[in-house]
Amino acid sequence: DWSSDVCSSDLIDAISASLRESGLNIEKFLEPSAGIGSFIQSFSESQSINVTAYEKDLLTGKVLKQLYPKSNIRISGFEEIPEKEQNSYDVVAS
C-alpha cells in the first residue's frame, strides 16, 4: 500500500520519475485516496498528465482543490467512480 499518508515525498517522486523515464506514456493518473496530495503533486509536475483524485474528507478535499486547481479533485469515495472511467487510467496509486 503506497498511500500518500505513509510514503515520503522523496519515495513518491522517485516512483513518478521512474515511471516517466521508463517510457510509459502516462496520460491519466488516478489517486483513489488523496490524503495530503503527495501523489497529486508529484504526478502533476508533468503538464501532460491528467490527474484525478478522490478524497472522502470534505475539508481535506477542499484544500486539495485549492492546492491543485488543474487536477480533478473529487470529494467522495473512490467507490463512486463512474463506470465509464473504470479501467481507463494508465497509473493508479494504491
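Residues numbered from 1 in each chain as written. Predicted model: local features only at pLDDT ≥ 70, side-chain atom pairs only at ≥ 80, totals over all residues. Heavy atoms only, no water.

Digging into the pairing of strand β1 (residues 28-31)
And step 1. Inspection of the sheet shows β1 paired to strand β2 (residues 50-54) by 4 bridges, in the parallel sense. Bridging across to β2, Phe-29 finds its partner in Val-51.
And step 2. Two elements, β1 and strand β4 (residues 91-92), share 2 bridges in a ladder whose sense is parallel. For Phe-29, the partnering residue across the bridge sits in β4 and is Val-91. (Pairing = 2+ DSSP bridges. Helix = DSSP H or I, 4+ residues; strand = E, 2+ residues; numbered from the N terminus.)

Brief notes about the environment of Ser-22
And step 1. Among the secondary structure elements, Ser-22 is positioned in the loop between α1 (9-21) and β1.
And step 2. Taking the relative accessible area as the measure of exposure, Ser-22 reaches 53% and is therefore exposed.
And step 3. From its side chain, Ser-22 meets the backbone nitrogen of Leu-24 in a polar contact 3.3 Å long. (Buried < 20%, exposed > 50% of the residue type's maximum accessible area, 1.4 Å probe, protein only. Polar contact = N/O pair within 3.5 Å; in protein donor to acceptor, adjacent residues only side chain to side chain.)

Focus: the pattern of salt bridges
And step 1. Tallying each qualifying case throughout the model produces 2 salt bridges.
And step 2. The salt bridge involving Lys-56 is made with Glu-79; its shortest N-O contact spans 3.4 Å. Of this pair, Lys-56 sits in the loop between β2 and α3 (58-67) while Glu-79 sits in the loop between β3 (72-74) and β4; the two residues are 23 residues apart in sequence, bridging distant segments of the chain. We note that Lys-56, like Glu-79, is exposed.
And step 3. One salt bridge connects Glu-85 with Arg-74, and the closest N-O pair in it is separated by 2.8 Å. Pair noted here: Glu-85 is in the loop between β3 and β4 and Arg-74 is in strand β3, with a separation of 11 residues, a long-range link. With respect to class, Glu-85 is no different from Arg-74; both count as buried. (Salt bridge = Lys/Arg side-chain N within 4 Å of Asp/Glu carboxyl O.)

Purely geometric stuff here, so don't read any function into it on its own.
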